[in-house]
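Notes for the structure review
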Amino acid sequence: MLELKDVHTYYGNIHALKGVSLTVNQGEIVTLIGSNGAGKSTTLRTIQGINRPRSGTILLEGVALEKLPPHEIAGRGVAQSPEGRLIFPRMTVLENLEMGAYARKNKTGFDDDLARVFSLFPRLKERITQKGGTLSGGEQQMLAMGRALMARPRILLLDEPSMGLSPLLVELIFEIIQNINKEGMTILLVEQNALMALSIANRGYVLQTGEIILSDAAAKLKENEMVRKSYLGIE
Amino acid sequence: MDKNIKSGITFGLIGGFLTFLFGGWSVAVLGGMLGLGLGLSLGSRFERRNPLQIARASFMPALVAAVILVGLSLVQNIFILPALGKARLFDNQVIIANTIGFLVVLLLTIITCAIHGLSERQEGIAKLVLLAIVIITFPFIDKATGLRWSAQVIFALIFVILGLGLNIVVGYAGLLDLGYAAFFAIGAYTTGILSSPQHGIYMNFWLVIWIAAGIAALWGLILGAPTLPLRGDYLAIVTLGFGEMIPVIFRNLTEVTIKEPFTCWILPGITNLFGAKSTLACITFFERQDLTAGEKGISPIGRPSLPFIGEFQSDNPIPWYFLIIVIILLSIFIIRRLRESRLGRAWMAIREDELAASQMGIDPVRTKLAAFAMGATFSGFAGAFYAAYIRGIFPSVFDFSASIIILVIVILGGLGNINGVIVGGLVIMTADRLFLPALKDFLASLLTNTILPSLAGNPVLQAAVKDNANPILYRFLLFGLTLVIMMAVRPEGLIPSAQRRMELHAAEEMAGPVIPEETAKPNAMTVAGKTKAAAKKR
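A quick note: this is a predicted structure, and the numbers were derived from the prediction, not measured.

**A few points about the overall build of chain B**
Counting its secondary structure elements, chain B contains 20 helices and four strands. Dimensions of chain B, computed from C-alpha atoms along their principal axes, come out at roughly 95 × 95 × 60 Å. For chain B, with 538 residues in total, the buried portion stands at 46%. Partitioning the intrachain contacts of chain B with sequence separation of at least 6 by distance along the chain shows that 76% fall at a separation of at least 24. As displayed, chain B offers around 26,600 Å² of accessible surface, 68% of which is attributable to carbon and sulfur atoms. Here chain B contributes 41 positively and 31 negatively charged side chains, and the mean placements of these two sets differ by 6 Å.

The following block contains the structure:
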């Protein structure tokens, strides 16, 4: 479904991604783990077209994305719940969700989608007329994910959904991610919380200073010596 | 003291002191405005219940306001007029005007108040009807009472359209445009060039106004295309530059030559290389044509005409007034529709967060260009009307200060709110065009007849007072002061958009900036806790 081949991305002179290649298949949850500054978010930003790769290709169902501007990539079915959430703070929850469906030419089924999002995130329904900026961190995360789902994407990119949330909320969010996946959504999940990510993902990639150093089934990665030491903190 | 009575006193004092400046019949007209204003502000305070009860409750404040207004108006007649060196007036006219003023305050206050007792829908309709009556009758009342405010009100309404247009750019799309008067100039000059005997072209005004709007929109696109990829401060600086350039260009379009390049330069150039001469005649469209007449400006400019009314005349403001009212209503209709449209929502998203908007599939550059072009279109309408109304256009009218005044109208009125911008435009421009000149005349007469003679013993002070007592000199100082006070006291504007109001309320209620509760906590604890829990499971 989504395929990155030897992608190199730079910030000015800084070589942030040094030939990242990865694939996400239909219906999978693939996780990208790594420490701070490994290039996880850069990978997502590159897929989204916010940072242009200097070389390499990004294919979504065989169509090259790497030369398209962000709004066209979004229009082709790549939706992201971005790092820092980037919800519209002065719009209500409902308006935020409506913006999520903006790229869809066909508005039929909007109400069904809304109902689906509310069944996934009942908290959002309670806050429907509240401004995005006045929500708590966990609610903002839910809103960002719900907004991404409103686009009926082919693939959902999640950037650090656990960031800044309490353990209870992290558990809830990951449960919801699993539920979304069960409904057939393909997900690329970027996480610092490697243990949680690996326990719900099908496969995983380990990113270190801009390079993929390891890739395997999630269950195997969890048992991997190096991963256990560096990312799970288990001796 | 009762809060409502206090409002009555405030409104009465404001209206009363204004009669000092305008005198004559102004007491009746000011009374009408006072009644409407007081009624609206009181009405919203009462709970929704029987209109009769509300009417009864509003009677005392209305009476207080009416007494103060008429009292001050009589003070004007008895004490102020002699001080201004004018004869004391006590004829039938004065008595009639004051009686009407008194009754009008009472009636309008009570009626506008009582409306609030109707159901919400009925109240909306009743307010619209009241507004329509005020708008329609104003120029006739103005004419009958001899106040001659219409001409200045029309001027204010031109700025209302400009404010509405700029509101799209600044209020909806969040792009700070410091050179908006450039599009006003383009609309006005297009009209000037296409319907002035200076160029021998007499296009019908009804056609020209559309052309002017179209050309302004086109220039919106041309100027916007290279600048809109910029953000925030950079965009503001570049629009400032364009705003400065356009008047300079119009000032200098006095010898315009347009030749067809191939026959005039390229072909002769090539043949010249071979030592021959081009045999093709050079095609010249314009040879040293004076397009804008520089500082002298374009004048006269053609006026609109209609069947039955004939050509609009300078000495009769009524047709002009209704024309601009129609343009404003049309603008409001279009802008409302735009706001609710897909494009309107894209503007809001861009204003909120450009990156997030682009991730929703919104093309930021195209959306911003559309805002620029739409904003420019309305200034094109305003420019065409202005040129025809004033009958002459001069480059100095469209300089930086015009851009700033329009921006102040938008911000002071209430960023993003159509009603706010209308009120802002009316308040600022009538203050500028009506209040300040009246205050100047008032002070001048007061000085020459009362104050200066009393200062005769101190010639230095006398000269200083004489030279500095012209409020028009302090026009921009007063503007600036108003802006500073407004931003400190009421930053959301006179009539803020629902969104901004809610925001400010939310901030007050929560007593501090809105920070999502969890983001501040460090993550390490969570991760460690989780890991231990997971380890235990195994």
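**Some details on the domain arrangement of chain B**
Residues and elements named next belong to chain B. What the domain assignment reports for chain B is domain 1 (3–147 + 423–501), domain 2 (153–254 + 296–416) and domain 3 (255–289). Averaged C-alpha coordinates put domain 1 and domain 2 at centres separated by 31 Å. Opposite the 28 residues of domain 1 that make contact, domain 2 presents 21 residues. Taken together, the two surfaces of domain 1 and domain 2 that pack against each other cover about 2,100 Å², and 80% of this comes from carbon and sulfur. Summed over the shared surface of domain 1 and domain 2, the result is zero salt bridges. Its residues placed into classes, the side of domain 1 that touches domain 2 shows 16 nonpolar, seven polar and five charged.

**Observations regarding the sheet that holds strand β3 (residues 29–33) of chain A**
Residue and element names in this part refer to chain A. Read across the sheet, six strands follow the order β6-β7-β8-β3-β9-β10 without closing on themselves; strand pairing throughout is mixed. Every interior strand has two partners, whereas the edge strands, β6 (78–81) and β10 (211–217), have only one. Here the average twist between neighbouring strands, direction ignored, is 20 degrees. The sheet contact formed by β3 and strand β8 (residues 186–191) spans five bridges and is parallel. The residue of β8 that forms the bridge with V30 is L188. The strands touched by helix α7 (residues 167–182) within the sheet are β3, β7 (155–159) and β8, with β8 carrying the most contacts at an inclination of about 155 degrees.

**Looking at the nonpolar core**
Counting 104 residues, the largest nonpolar core has I158, L164, I362, F385 and I393 of chain B as the members making the most contacts within it. The greatest single-element share of this core, amounting to 16 residues, is contributed by helix α6 (residues 150–172) of chain B. Shared between two domains, this core takes at least three residues from each, and those domains are domain 1 (3–147 + 423–501) and domain 2 (153–254 + 296–416) of chain B. Filtering out sequence-adjacent residues up to four positions away, I362 of chain B remains in contact with H71, M99 and Y102 of chain A together with A346, A349, I350, A357 and T367 of chain B. Counting residues in hydrophobic clusters, the runner-up holds 48 residues, among them A101, F121, L124 and L135 of chain A.

**A look at helix α5 (residues 120–145) of chain B**
Residues and elements named next belong to chain B. If you check α5, its first and last C-alpha atoms are 35 Å apart, about what 26 residues at 1.5 Å a residue would give, namely 38 Å. T137 marks where α5 bends most, by close to 40 degrees; the proline P139 follows one to four residues later. G146 sits one or two residues past α5 and shows a positive phi near 70 degrees.

**A look at the side chain of E160 of chain A**
Residues and elements named next belong to chain A. Examined against the element boundaries, E160 turns out to sit in the loop between β7 and α7. Here Q192 takes part through its backbone nitrogen, which lies 3.4 Å from a polar atom of the side chain of E160. When residues no more than four places from it in sequence are discounted, the contact partners of E160 are K40, Q141, V190, E191 and Q192.

**Here we look at a positive patch on the surface**
A cluster of like positive charges, contributed by K105 and K107 of chain A together with R342 and R366 of chain B, occupies part of the molecular surface. Position of R342 of chain B among the secondary structure elements: in helix α12 (residues 342–352). Judged by its relative accessible area of 35%, R342 of chain B is partly exposed.

**What about the packing of helix α6 (residues 137–150) of chain A against α7 of chain A?**
All names here are of chain A. Contact geometry of α6 with α7 gives a least axis separation of 11 Å together with a crossing angle of 10 degrees. Between α6 and α7, the angle is such that the two are roughly parallel. Listed contacts from α7 to G138, Q141, M142, M145 and L149 of α6 are L169, L172, I173, I176, I177 and I180. A per-class count over the contact of α6 with α7 returns nine nonpolar, two polar and no charged.

**Some words on the sheet that holds strand β5 (residues 63–64) of chain A**
Residues and elements named next belong to chain A. Pairing is antiparallel across the open sheet formed by four strands, whose spatial order is β2-β1-β4-β5. Of all the strands in the sheet, just β2 (14–24) and β5 have a single pairing partner and so form its edges. By the bridge criterion, six bridges tie strand β1 (residues 2–11) to strand β4 (residues 53–60) in an arrangement that is antiparallel. Bridging from a neighbouring strand, L2 pairs with L60 of β4. Against the sheet, helix α1 (residues 40–48) touches β1, β2 and β4, its axis set at about 110 degrees to β1.

**Observations concerning helix α7 (residues 181–194) of chain B**
Taking 1.5 Å of rise per residue, 14 residues should cover 20 Å, and α7 of chain B covers 20 Å from first to last C-alpha, within 8% of that figure. Among the 14 residues that make up α7 of chain B, 14 are buried, leaving the element largely enclosed by the rest of the structure.

**Topic: empty space enclosed by the protein**
Residues and elements named next belong to chain B. All chains considered together, the criterion is met by two cavities of 30 Å³ or more. When its volume is computed, the largest cavity comes out at roughly 40 Å³. Lining the largest cavity are D177, G179, F183, L223, T239, F242, G243 and F372. For the lining of the largest cavity, the class distribution of residues is four nonpolar, three polar and one charged. The space that makes up the second largest cavity amounts to roughly 30 Å³. Every residue along the wall of the second largest cavity is listed here: L178, G179, A181, A182, L240, G243, E244, F398, D399, F400 and S403. Of all the secondary-structure elements, those providing two or more residues to the lining of the second largest cavity are α7, α9 (232–252) and α15 (400–414).

**Focus: the packing of aromatic side chains**
By the definition in use, this model includes 24 aromatic pairs over all chains. Where F155 of chain B meets Y386 of chain B, the ring centres are 6.0 Å apart and the plane angle is 65 degrees; that geometry is what we call edge-to-face. Pair noted here: F155 of chain B is in helix α6 and Y386 of chain B is in helix α14 (residues 364–390), with a separation of 231 residues, a long-range link. The class of F155 of chain B is buried, set by a relative accessible area of 9%. Judged by centre distance (6.2 Å) and plane angle (70 degrees), the ring pair of F159 of chain B and F184 of chain B falls under edge-to-face. Here F159 of chain B is found in helix α6, whereas its partner F184 of chain B is found in helix α7, with 25 residues between them in sequence. For the pair F159 of chain B and F184 of chain B, a shared accessibility class is recorded, and that class is buried. In this structure an aromatic cluster arises from ring pairing among F155, F159, F184, Y189, F250, Y386 and F398 of chain B. Positioned above the aromatic ring of F88 of chain A, the side-chain terminus of R147 of chain A is 5.1 Å from the ring centre. Lying across the ring of Y102 of chain A, R342 of chain B places its NZ or CZ 4.0 Å from the centre.

About the criteria used
Residues numbered from 1 in each chain as written. Chains lettered and ligands numbered in written order. Predicted model: local features only at pLDDT ≥ 70, side-chain atom pairs only at ≥ 80, totals over all residues. Heavy atoms only, no water. Helix = DSSP H or I, 4+ residues; strand = E, 2+ residues; numbered from the N terminus. Buried < 20%, exposed > 50% of the residue type's maximum accessible area, 1.4 Å probe, protein only. Contact = heavy atoms within 4.5 Å. Areas by Shrake-Rupley, 256 points an atom, 1.4 Å probe, with all protein chains shown as cover. Lys, Arg positive; Asp, Glu negative; His and termini not counted. Charge placed at Lys NZ, Arg CZ, Asp CG, Glu CD. Domains from an automatic or database assignment. Buried area = accessible area lost by both parts, 1.4 Å probe. Salt bridge = Lys/Arg side-chain N within 4 Å of Asp/Glu carboxyl O. Nonpolar A, V, L, I, M, F, W, Y, C, P; charged D, E, K, R; others polar. Pairing = 2+ DSSP bridges. Axes fitted to C-alpha atoms, helices over the stretch in contact; angles between N-to-C directions. Core = buried A, V, L, I, M, F, W, Y, C linked by side-chain atoms within 4.5 Å. Expected span 1.5 Å × (residues − 1). Bend = angle between axes of the 7 residues up to and from the residue. Polar contact = N/O pair within 3.5 Å; in protein donor to acceptor, adjacent residues only side chain to side chain. Patch = residues over 30% accessible without salt bridge, like charges linked within 9 Å, V, L, I, M, F, W, Y side chains within 5 Å. Parallel < 35°, antiparallel > 145°, perpendicular 65-115°, else oblique. 1 Å grid on protein atoms, 1.4 Å probe; cavity = no way out; pocket = protein on both sides within 12 Å on 5 of 7 lines; lining within 4 Å. Points joined across faces, edges and corners; volume = space filled by probe spheres on them. Phe/Tyr/Trp six-rings, centres within 6.5 Å; stacked < 30°, edge-to-face > 60°. Lys NZ or Arg CZ within 6 Å of the ring centre and 35° of its normal.

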